[in-house]
Amino acid sequence: MVLPVISGVAAGFILVRAIVWGAKTAIQRNKTTREEGRIRDTSFFLSGTIEEGRLREDIFHITDHEKTGVLHILIGRRKGYMLFFQGRVFDIFYREQKGRDALRLLLEQREGKYFFEVRPVRHPDLFQDDIKQLISLYNETTGKFQIT
């Protein structure tokens, strides 16, 4: 009679260990999924200097990869921003200017730094133009957009 009691205790112990193991596995999977999501969201890193001449290409890269976040542009002690949501520009700010005027001023700069910060952006859609098309219309010689 002692044998069934021992096997019942052993079975109970095995069942408890299986439940604990299953819970740990589920927690680890959930943790891994959250970590992978966090890594996936922040793995996009972009930075450079305006002197390198890649600002336009990097803006195109952000739009092509439909990223959401803020492009910080540092020129001396001044700072400009381009807000992106799923690759679309929501707004542009620089030197108390917004929209096309701010973009023109940013494109005129010959030195400075920039970096893209992946983060949620909640802002009204103030900038209606297609940024890639607008940048391609900018004429560096005249400092104006060649809009026909």
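See the structure above.
A brief look at the structure comes next.

About the thresholds
- Residues numbered from 1 in each chain as written.
- Predicted model: local features only at pLDDT ≥ 70, side-chain atom pairs only at ≥ 80, totals over all residues.
- Heavy atoms only, no water.
- Pairing = 2+ DSSP bridges.
- Helix = DSSP H or I, 4+ residues; strand = E, 2+ residues; numbered from the N terminus.
- Contact = heavy atoms within 4.5 Å.
- Axes fitted to C-alpha atoms, helices over the stretch in contact; angles between N-to-C directions.
- Phe/Tyr/Trp six-rings, centres within 6.5 Å; stacked < 30°, edge-to-face > 60°.
- Buried < 20%, exposed > 50% of the residue type's maximum accessible area, 1.4 Å probe, protein only.

1. Points about the sheet that holds strand 3 (residues 78–85)
(1) Moving on: Ordered by their spatial adjacency, six strands build an open sheet running 1-6-2-3-4-5, and the pairing between neighbours is antiparallel. Two strands bound the open sheet, and with one partner strand each, they are strand 1 (46–49) and strand 5 (97–98).
(2) Moving on: Sheet topology places strand 3 next to strand 4 (residues 88–94); five bridges connect them, and they run antiparallel. Bridge pairing links Tyr81 to Phe93 in strand 4.
(3) Moving on: In this fold helix 2 (residues 55–64) packs onto strand 1, strand 2 (69–75), strand 3 and strand 6 (113–118), with an angle of close to 30 degrees to the strand it touches most, strand 3.
(4) Moving on: Along the sheet face, helix 3 (residues 99–108) touches strand 2, strand 3, strand 4 and strand 5 and points at about 70 degrees away from the line of strand 4.

2. Some points on the packing of aromatic side chains
Note on aromatic pairs: each is described by the distance of the centres and the angle between the planes.
(1) Moving on: For the structure shown, the criterion picks out two aromatic pairs.
(2) Moving on: Seen in terms of ring centroids, Phe84 and Phe116 are 6.0 Å apart; in terms of plane orientation they differ by 75 degrees. Their pairing is edge-to-face. With Phe84 in strand 3 and Phe116 in strand 6, this pair connects stretches of sequence that are 32 residues apart.
(3) Moving on: The buried category is assigned to Phe116, whose relative accessible area is 2%.
(4) Moving on: Ring plane angle 75 degrees and centroid distance 5.6 Å describe the contact between Phe85 and Phe90, whose orientation is recorded as edge-to-face.

3. Thoughts on the environment of Leu134
(1) Moving on: Structurally, the position occupied by Leu134 is in helix 4 (residues 131–137).
(2) Moving on: For Leu134, a relative accessible area of 3% puts it in the buried group.
(3) Moving on: Counting along the chain gives 30 residues from Leu134 to Arg104, while the straight-line C-alpha distance between them is 9.9 Å.

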